[in-house]
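Per-entry structural report
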Amino acid sequence: MGMSVIISAAAAEDAEQILKLQYLGYQPEAELYGDWAIEPLTQSLESLRAELTEQHFLVARLGDEVVGTVRGHVGADGVGRIGRLVVHPRMQRHGLGGRLLDALERHLAEGGRVSAFRLFTGHRSLGNLRLYARQGYRQTRVEQVNSRLSFVHLEKPAGTPLAATA
């Protein structure tokens, strides 16, 4: 019998595993765009540790191994900003990315002040774009970063909570 993947809040002790997973997960992106200096590949452990105190991080664990992660926060404008959704290559295409995204959206919306969720991905990252479309995100704009890269910005309205039933 196999182990189940458990999604939970990240702890400070997870920083090294998150950074290693981020590095592994962003290799294909760097290759796709011909840019090995992208921030997810150059981020320091100290910088990631600081982010852990500033944003909400979720991890997906298979036993003791972190096999997925996502982070986000709610801005003063009431928009939940989501970033760096990463799933270990051997765990991709099994719904884990969608589960992580759903869990983070639910967590960010717990305060009740979220009007929408926003994220972005590269224009050639077709798998990411398909995932986000399945999750209800729609393109809002395209930002040209350089001659090789454009960011596709996506957004979806926060869900309306269901009324309590008697």
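Structure shown above.
Throughout what follows, the structure given in this document is the object of discussion. The model shown is predicted, which means the values in this text are computed figures rather than measured ones.

1. Side note on the nonpolar core
- One finds Ile82, Leu96, Leu100, Tyr132 and Tyr137 to be the most contacted residues of the largest nonpolar core, which totals 26 residues.
- Secondary structure elements with two or more residues in this core: β2 (56-62), β3 (65-74), β4 (79-87), α4 (96-109), β5 (116-122), α5 (126-134) and β7 (150-157).
- Each residue touching Tyr137, except ones within four places of it in the same chain, is listed here: Ile82, Leu101, Glu105, Phe117, Arg118, Leu119, Tyr132, Leu154, Glu155 and Lys156.
- Formed by 15 residues, the second largest nonpolar core is a distinct cluster that contains Leu21, Ile38, Phe57 and Val66.

2. Topic: unusual backbone geometry
- Positioned with a positive phi, Arg84 is a non-glycine residue whose angle comes to about 50°.
- For Arg84, the location among the structural elements is in strand β4.

3. Description of the packing of helix α1 (residues 15-33) against helix α3 (residues 45-54)
- It is the contact of α1 with α3, at a shortest axis distance of 10 Å, that shows an interaxial angle of 115°. Classed by the angle they form, the pair α1 and α3 counts as roughly perpendicular. In this structure, α1 crosses over α3, and the sense of that crossing is right-handed. Of the residues in α3, those in contact with Ala15, Glu16, Ile18, Leu19 and Gln22 of α1 are Leu45, Leu48, Arg49 and Leu52.
- Residue composition of the contact of α1 with α3, grouped by class: six nonpolar, one polar and two charged.

About the criteria used
- Residues numbered from 1 in each chain as written.
- Predicted model: local features only at pLDDT ≥ 70, side-chain atom pairs only at ≥ 80, totals over all residues.
- Heavy atoms only, no water.
- Core = buried A, V, L, I, M, F, W, Y, C linked by side-chain atoms within 4.5 Å.
- Buried < 20%, exposed > 50% of the residue type's maximum accessible area, 1.4 Å probe, protein only.
- Helix = DSSP H or I, 4+ residues; strand = E, 2+ residues; numbered from the N terminus.
- Contact = heavy atoms within 4.5 Å.
- Axes fitted to C-alpha atoms, helices over the stretch in contact; angles between N-to-C directions.
- Parallel < 35°, antiparallel > 145°, perpendicular 65-115°, else oblique.
- Left-handed = near helix turned anticlockwise from the far one by under 90°.
- Nonpolar A, V, L, I, M, F, W, Y, C, P; charged D, E, K, R; others polar.

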